[in-house]
Amino acid sequence: MKIALGSDHGGFELKEVLKTYLLQSNYDIIDVGCLTKESVDYPDFADKVVQQIGTDECQLGILICGTGIGMSIAANRKNYIRAANCYDEHTAKMSREHNNANVLCLGARVLGKEKALAIVDTWIGTEFSGGRHQRRIEKFSR
Ligand code: RB5
């Protein structure tokens, strides 16, 4: 499974922690930046992850900013993106089972590193339920 990872400066440190963790877990990672703590604009990195998913280069993306809010708003402008700003394992699980979220957004200034890793584990490890949830997703994907 290939996962695109992106952050702004607020999410940079957590992105690096996640990258190491995911590589150790044998996931294929595309790191679209940012690459330092220097101030950048989160929509630029949301767009890079969205582009990766749009070209079928990878199936899932993770976007990290200070709150996860800016990244989720920016990523959700494309109709093939279902970006969910998750704050615990339950929301991570539901975002996959019910919403088939293909982008996980995290708030690095809201979540501790341990919580963020637990959210990522749950999110990656949960499958979409399909059925009535597929019908609902189709209503906003046109
Ligand atoms: C950057 O300071 C901050 O605004 C950004 O990381 C994010 O939280 C925006 O939603």
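Scope of this entry: the structure provided in the associated data block. (Residues numbered from 1 in each chain as written. Predicted model: local features only at pLDDT ≥ 70, side-chain atom pairs only at ≥ 80, totals over all residues. Heavy atoms only, no water.)

Topic: the packing of helix H1 (residues 12–24) against helix H5 (residues 113–124)
Two elements in contact, H1 and H5, have axes separated by 11 Å at closest approach and are oriented at 50°. Taken as axis vectors, H1 and H5 run oblique relative to one another. Where H1 crosses over H5, the two elements pack in a sense that is right-handed. Side by side, H1 and H5 meet where Glu13, Leu14, Val17, Leu18, Tyr21 and Leu22 of the first sit next to Lys113, Ala116, Leu117, Val120, Asp121 and Ile124 of the second. Each residue belonging to the contact of H1 with H5 can be placed in one class, and the counts come to nine nonpolar, no polar and three charged. (Axes fitted to C-alpha atoms, helices over the stretch in contact; angles between N-to-C directions. Helix = DSSP H or I, 4+ residues; strand = E, 2+ residues; numbered from the N terminus. Parallel < 35°, antiparallel > 145°, perpendicular 65-115°, else oblique. Left-handed = near helix turned anticlockwise from the far one by under 90°. Contact = heavy atoms within 4.5 Å. Nonpolar A, V, L, I, M, F, W, Y, C, P; charged D, E, K, R; others polar.)

Remarks on the nonpolar core
Inside soluble globular proteins, nonpolar side chains tend to come together where they are buried. Residues Leu18, Ile62, Leu104, Leu106, Val120 and Trp123 are the most contacted members of the largest nonpolar core, which totals 22 residues. Every element with two or more residues in this core is listed here: strand S1 (2–7), H1, strand S3 (60–65), strand S5 (103–107) and H5. At six residues, the largest contribution of residues to this core is made by H5. Excluding residues within four positions of it along the chain, leucine 106 makes contact with Leu18, Ile62, Leu63, Ile64, Cys65, Thr67, Gly68, Asn85, Cys86, Leu111, Ile119 and Val120. Listed in part, the 20 residues of the second largest apolar core include Phe12, Ile30, Val32 and Leu63. (Core = buried A, V, L, I, M, F, W, Y, C linked by side-chain atoms within 4.5 Å. Buried < 20%, exposed > 50% of the residue type's maximum accessible area, 1.4 Å probe, protein only.)

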